[in-house]
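# Architecture and fold: a report
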Amino acid sequence: LFHHYGKMILTYLEFYSGVGGWGYALEAACRSLSASFVYDEAAASKRPRVAVSPPEPDEGGVTTQASARLLAAFDHSDLCNGVFQHNHKDIGKRCKPRQTPIERLSLDELEQYDATVWCLSPPCQPHTRQHSNQHRERDDPRSSSFLHLCDLLIEMDEDMLPNLLLLENVVGFEQNWAVADDCGRDDMGSFTLWRKVLCDRQYETAHFHLDPTDVGIPNNRPRHYTVAFRRGRSLRRRLSGGRSNEIHSFTRIEGLEKLFARETLDKPPIIHDERSLSRLCSTSEPTRIEAFLDPALSPASLEQLRIPKKIRESSGAWCFDIVTPEQRRSSCFTHSYGKFIRGTGSILYTGPVAANDCEGDALPRAELFELADPKDRAYDESWSKRINWEEDMRYLSGTEIARLFGFPVDCASDGPTAMRSFEFPSTCTMKQQWKLLGNSINVIVASTVAYVGVTLLCNED
C-alpha cells in the first residue's frame, strides 16, 4: 500500500448524501484502519526501488493515519443539505451538497473528481414491500438517477473508475436478478444492471444483508449492502499523490477475501449475512435502549414527544410497537415516524419500573410490552387502560434515534483522532429530524462494510 508522509487519504463522492451517513461511516472505517496499522518490512524489501524505513509514531502513538476526504456530495433536498452542511462546517465550499439532479451529471464531471470511493444510497421506494409494481421498479422515475450512474460507470475510462464502491439499499433491492439469454440492457432491472456493471468493469464484489442488531445496536433495520473494489494503477496514483511513497499495510482479517468474487450474471447473487463477518460483528446481545436515550429532556422537548390524543385513541393505536428502556430491541424507524402508527418505529414507555398488566398482575416494566409472535397476536380492547399516556409514553427524540443509527451525537470534536460530531441545526423541527433519519443509513453497520472494503483495497498483494 502506498502512503504519503505516513498518511493515506481516501477521497470520496457521496451520492444521495442525505444527512451524511456514508461520510461518517467511511471516517469510522478509516479510524479503525489506522488502529490496525502495521509496518510491512517484508513488503518493503520486495520493492527495493523505494527507500523505506519503519515510520516513527506520532505523539498519539499512531504511525499511519488513514482518513477520508469529501470531494462532493449530491442530494436534491434542501432539508437534508442544511443538516449536512451544518455538520461539515470545517471543509468550506465542499460541505454544501450539489443539488444538480444526479441523472444530469456528466461523465466528464465525475471523471474530474477522480475519487477513490463512491458511496451510494439510491432511493429505496421502488424496491420496498409496499410498492405494488416491484417487478417494474426500473420504470419508476426514482430509479433513473441510479441507472444513470450505472451507465456512467460503464462508459468511464478505466483509470478514472472509483477503486471502491459502497452501496446501501433495502432488502429486496436484489430481487428479480434473473436475466434471459436475449435480455438487453434496457430490459434489466436495477440490481441486474448493477451486477453487469461490476462484472464488466472487473470489480471484486460481495453482497451482504446486515442488521444493526448484528453489531450490538438494539434496532431492527435490515439492509442490503454491496462492497466492490478494484485495484490497479489508479489506486497507486490516488493514494501516493505522485510522490515518494512509504509502503505499509494493515492487519488482515482472515477469510474476508474469500467473500469476494467477480459477478457472473448466469448465477444468482451470493448474499452473505453477519456470520460471514463474525470477526467484525457483535457476538453478545444488543445494548439496552436506555444507553441511547437523552440524559435529560426539557419540559418543552417532552411536550413535542407526547403521543397526540387523536393518535393514541385511534383504532390503530393497538399497532404501536412499545419498548421500555430495559429492552434490547426496537423496530425500524421510517420517515413516517410520528405521522403513522404501524411499521414506522417504536415508542417508549417510561412508567413505573414495576407495574400491573391489563389483568392486574405485577410485572417488571420490561415485560409489559414483550413482542408477541404474529400468530399469537390478538386485539385486546383493554390493552392501554393502565397506561398514563401523558406521563409514561412518548416518541423517541431525533437525537435518540440518531444514536441508534450510530451517528456520533455525543462525541467531542477536539483532538487529532476525535470523531466529527453530529447534531441537528436549531431550526430543524422534531418531525423534520424523524423524517431525515427515517431515510438514513445506520452508520455503525455501514462502517463495518466500509472497513471490509477499505481493508481489502489497501492490502495490495
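Higher on the page you've got the structure.
Heads up: these notes are all about the structure in this document. Owing to the predicted nature of the structure, the values given are computational and were not obtained by experimental measurement.

All right, on to the packing of helix 1 (residues 21-35) against helix 13 (residues 443-458) then. With their axes 8 Å apart at the nearest point, helix 1 and helix 13 run at an angle of 55° to one another. On the basis of their axis angle, the class for helix 1 and helix 13 is oblique. The interaxial crossing formed by helix 1 with helix 13 has right-handed handedness. Only Val443, Ala446, Ser447, Val449, Ala450, Tyr451, Val454, Thr455 and Cys458 of helix 13 make contact with helix 1, whose side of the interface consists of Gly21, Trp22, Tyr24, Ala25, Leu26, Ala28, Ala29, Ser32 and Leu33.

The backbone of Tyr16 shows a phi angle near 55°, a positive value even though the residue is not glycine. As for its placement among the helices and strands, Tyr16 is situated in the loop between strand 2 (7-15) and helix 1. Exposure remark for Tyr16: the relative accessible area of 14% places this residue in the buried category. The backbone of Asp114 shows a phi angle near 55°, a positive value even though the residue is not glycine. For Asp114, the position within the fold is in the loop between helix 4 (107-113) and strand 5 (117-120).

Let us look at the packing of helix 5 (residues 144-155) against helix 6 (residues 190-200). Look at helix 5 against helix 6: their axes get within 10 Å of each other, and the N-to-C directions meet at 15°. Between helix 5 and helix 6, the interaxial angle falls into the category roughly parallel. For the crossing formed where helix 5 meets helix 6, the hand is left-handed. Contacts from Phe146, Leu147, Cys150, Asp151, Leu153 and Ile154 in helix 5 reach Ser190, Leu193, Trp194, Val197 and Asp200 in helix 6. Looking at side-chain class alone, the contact of helix 5 with helix 6 contains eight nonpolar, one polar and two charged residues.

Moving on: helix 12 (residues 430-438). Those residues of helix 12 that fall on the buried side of the exposure criterion are Met430, Gln433, Trp434, Leu436, Leu437 and Gly438. Elements that come into contact with the buried residues of helix 12 comprise helix 3 (78-86), helix 8 (299-305), strand 16 (393-395) and helix 11 (398-404).

Further remarks concern the packing of aromatic side chains. Across all of its chains, the model carries 17 aromatic pairs by this definition. Between Trp22 and Tyr225, the ring centres sit 6.5 Å apart and the planes meet at 90°, which makes this aromatic pair edge-to-face. Remark: Tyr225 occurs in strand 8 (residues 223-229) and Trp22 occurs in helix 1; sequence separation between them is 203 residues. You can call Trp22 buried: its relative accessible area is 2%. Overall, Tyr225 belongs to the buried group, its relative accessible area being 1%. Seen in terms of ring centroids, Phe173 and Phe191 are 5.4 Å apart; in terms of plane orientation they differ by 75°. Their pairing is edge-to-face. Pair noted here: Phe173 is in the loop between strand 6 (164-170) and helix 6 and Phe191 is in helix 6, with a separation of 18 residues, a long-range link. A relative accessible area of 2% places Phe173 in the buried class. On the basis of relative accessibility, which here comes to 1%, the residue Phe191 falls in the buried class. Members of the aromatic cluster, each reached through a chain of ring pairs, are Phe15, Phe74, Tyr113 and Trp118.

Below, the discussion takes up the sheet that holds strand 12 (residues 321-323). A sheet is described by the order of its strands in space; here three strands give the open sequence 12-13-16, paired in mixed fashion. Single-partner strands in this sheet number two, and they are strand 12 and strand 16. In this sheet, neighbouring strand axes are inclined to one another by 40° on average, regardless of whether the strands run parallel or antiparallel. Sheet topology places strand 12 next to strand 13 (residues 346-349); three bridges connect them, and they run parallel. Each bridged residue has a counterpart across the sheet, and for Ile322 the counterpart in strand 13 is Ile347.

Take the pattern of salt bridges next. Going through the model one piece at a time under the given rule, you end up with 16 salt bridges. With a closest N to O distance of 3.0 Å, Arg195 and Glu263 form a salt bridge. Of this pair, Arg195 sits in helix 6 while Glu263 sits in the loop between strand 10 (249-250) and strand 11 (271-272), and the two are 68 residues apart along the sequence. For the pair formed by Arg195 and Glu263, the shared burial category is buried. A single salt-bridge network, built from bridges that share partners, covers Asp294, Arg403 and Asp410.

Okay, the environment of Ser67 next. With respect to the helices and strands, the residue Ser67 is situated in strand 4 (residues 65-74). Ser67 gets classed as partly exposed once you look at its relative accessible area, which sits at 31%. Between the alpha carbons of Ser67 and Leu26 there is a distance of 8.4 Å; along the sequence they are 41 residues apart. Among residues more than four places away in sequence, those in contact with Ser67 are Met8, Ile9, Leu10 and Cys30.

What counts, and at which threshold
- Residues numbered from 1 in each chain as written.
- Predicted model: local features only at pLDDT ≥ 70, side-chain atom pairs only at ≥ 80, totals over all residues.
- Heavy atoms only, no water.
- Axes fitted to C-alpha atoms, helices over the stretch in contact; angles between N-to-C directions.
- Helix = DSSP H or I, 4+ residues; strand = E, 2+ residues; numbered from the N terminus.
- Parallel < 35°, antiparallel > 145°, perpendicular 65-115°, else oblique.
- Left-handed = near helix turned anticlockwise from the far one by under 90°.
- Contact = heavy atoms within 4.5 Å.
- Buried < 20%, exposed > 50% of the residue type's maximum accessible area, 1.4 Å probe, protein only.
- Nonpolar A, V, L, I, M, F, W, Y, C, P; charged D, E, K, R; others polar.
- Phe/Tyr/Trp six-rings, centres within 6.5 Å; stacked < 30°, edge-to-face > 60°.
- Pairing = 2+ DSSP bridges.
- Salt bridge = Lys/Arg side-chain N within 4 Å of Asp/Glu carboxyl O.

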